[in-house]
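The primary structure of each chain is shown beneath.
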Amino acid sequence: MSTLRQFPGQGPEDFFMKPAEQLPLTDECHHYESKKEVPWDIQKYFAQRYSIFSLYDDGVCMTDDAWFGVTPEPIANQVAYDMFSNDDSKTTIIDVFAGAGGNSIAFALAERWQRVISVEKDASTLACAQNNASVYGVGTGIITWVHGDSFEYIDALVNRPETLHPDLRVDPESTMVFASPPWGGPGYSTDEVFDLSTMQPYNLQQLYDAYKKMDHALFLPRTSDIRQIAKLAPADEKLEVVQYCMEGASKALVAYIPASKAGS
Ligand SMILES: C[S@@+](CC[C@H](N)C(=O)[O-])C[C@H]1O[C@@H](n2cnc3c(N)ncnc32)[C@H](O)[C@@H]1O
């Protein structure tokens, strides 16, 4: 018989964080069928919809914001492959910025992890991700979805796991974190070299501080300042930075950062 630890005097429904139910699609979730329906500022992404989701026509839904940040399917598949090849002792992957599901779906379909946990703070975007996972045939229960702030989740996982629903408690030693944060901030699309200390709403140091106790991968703009990333390498260790290209152009880079053994 197993015993669940909860907050004193509270029931199982009162865990600090628990898996999300299947959320309903909202008015913000769209499946655009023709260019004339699409707001002008996302028409360029709509034109690339089959590179982004090859099964787009099967009912993929997006919020208007999600178009700007979704990882195109071929890149998501390659990242899923590379993350596992980097270290096959890891059995769980946490996608801390799930968005419309581009990476989470690829992680689930790769069938390499025993657990995929996907966290998204915006309910409409999470509903799109859940819908899109089912479009791709990802069975219910393969991905554990979490509706909430992933910084709070990771902090609880590392420091107060007993406050989490048992389904969200995983061993940090056998877990990798994948983070594709928003890339806001001055200059991401215009600067020759993007200063990651100005990335908004989370800069490089904030991301590193949140995940440093686990091996983690950061999905960042292709022009990111590599010198800033290099400073995160643990003493006497290398870290790998991979540029991911599609149709002859780099779309993003991923920095694979080992856990800090010192915890510093
Ligand atoms: C660049 S998008 C991720 C795209 C995703 N990789 C995909 O392929 O669809 C970033 C997402 O992170 C979400 N987000 C931002 N801050 C968050 C937080 N603190 N916790 C969880 N999700 C967050 C945003 O709502 C947005 O959907």
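Note that the structure is a prediction, hence the values are computed from the model and not measured.

(A) The packing of aromatic side chains, seen in detail. On inspection of all chains with the given rule, the structure shows 15 aromatic pairs. With a centroid separation of 6.1 Å and an interplanar angle of 80°, the aromatic rings of Phe46 and Tyr56 are classed as edge-to-face. In this pair, Phe46 sits in helix α1 (residues 43–46) while Tyr56 sits in the loop between α2 (49–52) and α3 (66–69), placing the two residues 10 residues apart along the sequence. Classification of Tyr56 as buried rests on a relative accessible area of 2%. Among the aromatic side chains, those forming a connected cluster through ring pairs are Phe84, Phe107, Trp113, Phe178, Trp183 and Phe219.

(B) Looking closely at helix α7 (residues 150–159). Of the residues making up α7, those classed as buried are Ser150, Tyr153, Ile154, Ala156 and Leu157. Axial view of α7: buried residues confined to an arc of 165°, hence all on one face. Tucked inside the fold, the buried residues of α7 contact β1 (92–95), β2 (115–120), β4 (175–179) and α8 (204–211). In this structure Asp149 caps α7, since a side-chain oxygen of it lies 2.8 Å from the backbone nitrogen of Phe151.

(C) Structural view of the side chain of Thr125. Within the secondary structure, Thr125 is located in helix α6 (residues 123–135). Ignoring sequence-local partners within four residues, the contact set of Thr125 consists of Thr63, Gly99, Ala100 and Glu120.

(D) Molecular detail of the confidence of the model for the chain. Per-residue confidence for the chain averages 92 on the pLDDT scale, and 93% of its residues sit at or above 70. Confidence drops under pLDDT 50 across residues 1–9; counting only partners more than four residues distant or on other chains, this segment forms 11 contacts.

(E) Here's a closer look at the site of the ligand. Taken together, 21 residues surround the ligand, and among them Thr71, Asn103, Glu120, Ser180 and Tyr202 come closest. A distance of 2.9 Å separates an oxygen atom of the ligand from a polar backbone atom of Thr71. Within the complex, the protein chains bury 90% of what would otherwise be the 610 Å² of accessible surface of the ligand. Counting only elements with at least two residues in the shell around the ligand, the list comes to α5 (102–110) and α7. For the shell around the ligand, a count of residues per class yields eight nonpolar, 10 polar and three charged.

(F) Local environment of the pairing of strand β5 (residues 215–220). Within β5, six of the six residues are buried, which leaves it mostly tucked inside the rest of the structure. A two-sided burial pattern is seen for β5, the buried positions comprising Asp215, Ala217 and Phe219 on one face and His216, Leu218 and Leu220 on the other. Where β4 meets β5, four bridges bridge the pair, whose relative direction is parallel. Bridge pairing in β5 links Val177 to His216. Here β5 runs beside strand β7 (residues 249–257); their pairing, made up of five bridges, is antiparallel. Among the inter-strand pairings, Leu218 is bridged to a residue of β7, identified as Ala255.

(G) Inspection of the environment of Pro181 at higher detail. Relative to the helices and strands, Pro181 is located in the loop between β4 and α8. In this structure, the C-alpha to C-alpha distance between Pro181 and Gln200, residues 19 residues apart in sequence, is 8.8 Å. Pro181 has contacts with Phe97, Met199, Leu207 and Phe219, leaving out every residue within four places of it along the chain.

(H) Main features of the state of the cysteines. Per the counting criterion, the structure on display carries zero disulfides. Lacking any disulfide linkage, Cys128 is separated from the closest cysteine sulfur, that of Cys29, by 3.4 Å.

(I) Here's a closer look at the nonpolar core. Grouped together as the largest cluster of nonpolar side chains are 78 residues, with contacts concentrated most on Phe53, Trp67, Val79, Met83, Ile94, Tyr153 and Tyr211. For Met83, the residues in contact, after removing those within four places along its chain, are Ile93, Phe107, Trp113, Met176, Val177, Phe178, Ala217 and Tyr256.

(J) Focus on the sheet that holds strand β6 (residues 240–246). Spatial ordering of the open sheet is given by β3-β2-β1-β4-β5-β7-β6, a layout of seven strands whose pairing is mixed. Of all the strands in the sheet, the pair left with one neighbour each is β3 (143–147) and β6. Each neighbouring strand pair of the sheet contributes to a mean axis angle of 20°, computed without reference to strand direction. Summarising the sheet, β1 and β2 pair through four bridges and their orientation is parallel. Residue Ile93 lies in a different strand from β2, and its bridge partner there is Val116. Sitting on the sheet, α8 touches β4, β5 and β7, and the angle it makes with β5 is about 155°.

Definitions and cut-offs
- Residues numbered from 1 in each chain as written.
- Predicted model: local features only at pLDDT ≥ 70, side-chain atom pairs only at ≥ 80, totals over all residues.
- Heavy atoms only, no water.
- Phe/Tyr/Trp six-rings, centres within 6.5 Å; stacked < 30°, edge-to-face > 60°.
- Helix = DSSP H or I, 4+ residues; strand = E, 2+ residues; numbered from the N terminus.
- Buried < 20%, exposed > 50% of the residue type's maximum accessible area, 1.4 Å probe, protein only.
- Arc of directions from axis to C-beta.
- Contact = heavy atoms within 4.5 Å.
- Polar contact = N/O pair within 3.5 Å; in protein donor to acceptor, adjacent residues only side chain to side chain.
- pLDDT = per-residue confidence, 0-100.
- Near = heavy atom within 4 Å.
- Areas by Shrake-Rupley, 256 points an atom, 1.4 Å probe, with all protein chains shown as cover.
- Nonpolar A, V, L, I, M, F, W, Y, C, P; charged D, E, K, R; others polar.
- Pairing = 2+ DSSP bridges.
- Disulfide = S-S within 2.5 Å.
- Core = buried A, V, L, I, M, F, W, Y, C linked by side-chain atoms within 4.5 Å.
- Axes fitted to C-alpha atoms, helices over the stretch in contact; angles between N-to-C directions.

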